[in-house]
Amino acid sequence: MKPKPNTQIANQSELFGLVLSGGASSRMREDKGTIDYHGVPQREYLYRLLKEVCDDVFLSARESQLPTIPHGFNTIVDQNKFKGPFNGILSAHVVHKNMAWLVLACDLPFMDSDALLQLIEQRNSKKCATAFANPKTGDPEPLACIYEPDGLEKALEFLNDSNYPSPKKFLMNIDISLIHPKDELVLFNANSPSDYDFVKKKLAERESS
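Positions within a chain are numbered from 1, following the residues in the order the chain's sequence is written. Two thresholds apply to this predicted model, a pLDDT of at least 70 for residue-level local features and 80 or more for giving and counting side-chain atom pairs, whereas whole-chain, interface and lining totals are computed over all residues. Calculation of side-chain values draws on the structure's entire complement of heavy atoms; hydrogens and water are dropped beforehand.

Participant: Teacher, can you tell me more about the nonpolar core here?
Facilitator: If you look at soluble globular proteins, the nonpolar side chains tend to sit buried side by side. L50, L102, L104, M111 and L116 are the most contacted members of the largest nonpolar core, which totals 31 residues. Counting residues per element, the ones that place at least two in this core are strand 1 (15–20), helix 1 (42–53), strand 2 (56–61), strand 4 (100–105), helix 3 (113–121) and strand 6 (140–147). Discounting chain neighbours no more than four positions away, the residues touching M111 are Y45, L46, L49, L104, L116, A144, V186 and L187. Core analysis: the second largest hydrophobic core is formed by 25 residues, F16, L18, V103 and F158 among them. Residue types Ala, Val, Leu, Ile, Met, Phe, Trp, Tyr and Cys, when buried and joined through side-chain atoms within 4.5 Å, form a set referred to as a nonpolar core. Between buried and exposed lies partly exposed: a residue is buried under 20% and exposed over 50% of the maximum accessible area for its type, with that area taken using a 1.4 Å probe on protein chains only. The secondary structure listing takes helices from DSSP runs of H or I that are at least 4 residues long and strands from runs of E that are at least 2 residues long, numbered from the N terminus. In this analysis, two residues are considered to be in contact whenever any of their non-hydrogen atoms come within 4.5 Å of each other.

Participant: What is the right way to look at the pattern of salt bridges in this model?
Facilitator: Side-chain pairs of opposite charge can arise whenever the charged atoms involved come near each other. When a carboxyl oxygen of Asp or Glu is within 4 Å of a side-chain nitrogen of Lys or Arg, the pair counts as a salt bridge. Applying the stated criterion across every chain yields a total of seven salt bridges. Measuring nitrogen to oxygen at the nearest pair gives 3.1 Å for the salt bridge that ties E153 to K97. Highlighted residues: E153 in helix 4 (residues 149–161) and K97 in the loop between helix 2 (86–95) and strand 4, separated in sequence by 56 residues. E153 gets classed as partly exposed once you look at its relative accessible area, which sits at 32%. R206 is the salt-bridge partner of D183, the closest N and O atoms lying 3.4 Å from each other. Linking D183 in the loop between strand 7 (176–179) and helix 6 (193–208) with R206 in helix 6, this pair joins segments that are 23 residues apart in sequence.

Participant: What am I meant to see in the layout of surface pockets here?
Facilitator: Empty space among the atoms can be located by rolling a probe the size of a water molecule over them. Reported here for the second largest pocket is a volume of approximately 220 Å³. Any residue that is not Ala, Val, Leu, Ile, Met, Phe, Trp, Tyr, Cys, Pro, Asp, Glu, Lys or Arg is counted as polar, Gly included; the first ten are nonpolar and the last four charged. When the residues that make up the lining of the second largest pocket are grouped by side-chain class, the tally is four nonpolar, three polar and four charged. Whether a set of points on the 1 Å grid over the protein atoms alone is a cavity depends on a 1.4 Å probe fitting there but being unable to get out, while an open set qualifies as a pocket with protein on both sides within 12 Å along at least five of seven lines; lining residues are those with an atom within 4 Å of a point. Grid points are joined across faces, edges and corners, and a volume is the space filled by probe spheres set on the points.

Participant: Would you take a moment to explain the packing of aromatic side chains for this structure?
Facilitator: To describe a pair of aromatic rings, one takes the distance between the centres and the angle between the planes. Whether two aromatic rings pair depends on their centres lying within 6.5 Å, for rings of Phe, Tyr and Trp, where Trp uses its six-membered ring; planes under 30 degrees apart make the pair stacked, over 60 edge-to-face, and the rest tilted. The tally for this structure, following the rule as stated, stands at 11 aromatic pairs. Ring centres 5.6 Å apart and planes at 40° place the aromatic pair Y37 and Y196 in the tilted group. Here the residue Y37 occupies a position in the loop between strand 1 and helix 1, and Y196 occupies one in helix 6, the gap between them amounting to 159 residues. The class of Y196 is partly exposed, set by a relative accessible area of 28%. With 6.3 Å between their ring centres and 75° between their planes, F110 and F198 make a pair best called edge-to-face. Of this pair, F110 sits in the loop between strand 4 and helix 3 while F198 sits in helix 6, and the two are 88 residues apart along the sequence.

Participant: Please explain helix 6 as it appears in this structure.
Facilitator: At 3.6 residues per turn, the α-helix brings residues three or four places apart onto the same side. What a helix is expected to span follows from its residue count: subtract one and scale by 1.5 Å. Between its first and last C-alpha, helix 6 extends 23 Å over 16 residues, near the 22 Å set by a 1.5 Å rise per residue. Inspection of helix 6 places D195, V199 and L203 among the buried residues, and these make up the whole buried set. Projected down its long axis, helix 6 shows its buried positions confined to an angular sector of 65°, all on one face. Exposed and oriented more than 90 degrees from the buried face of helix 6 are D197, K201 and S208. This arc describes the spread of directions from the helix axis toward the C-beta atoms.

Next comes the structure, spelled out in structure tokens:
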């Protein structure tokens, strides 16, 4: 296991990890957080990755999912008073107001420790957020991102003033730091059965190489 980076240098806030697993997963036709790519449900795999590099970690989940989450996993229940993908992120912010959050969607099967360390080591806590950049568009990836406390306060204001609750649009209109991942595949979202097949094939190729 790699050493946990010091997240409190240069007056940075503590860094908590959050796995967003409360989505409906309609395109995949099964809960994306419970799909097994690495020998355990994907939400648990990401949770364990974040445990290596964050001060504490939580699963964001719907209340109906709580019986399916193993004992010992910290959870934050989606409050359902925020719009769209912000629901899990801001539900966590309300519970721990002064914390920065490293947020990961549960559908990132190629995410790994090296990518998380890259994001944390290049974190700029003076900005509102530090996000990976989409390798094709250059746009910020809101669900592979470190949100600072001040940035999340601005997100609350954004939601109050906007009818389009897009975290990406929010990040594109505030002061953030963009990081280009060394391995572009870590940002691949597995959202459909065909995506699942691609991931399993790619992981098998990596294991055999």
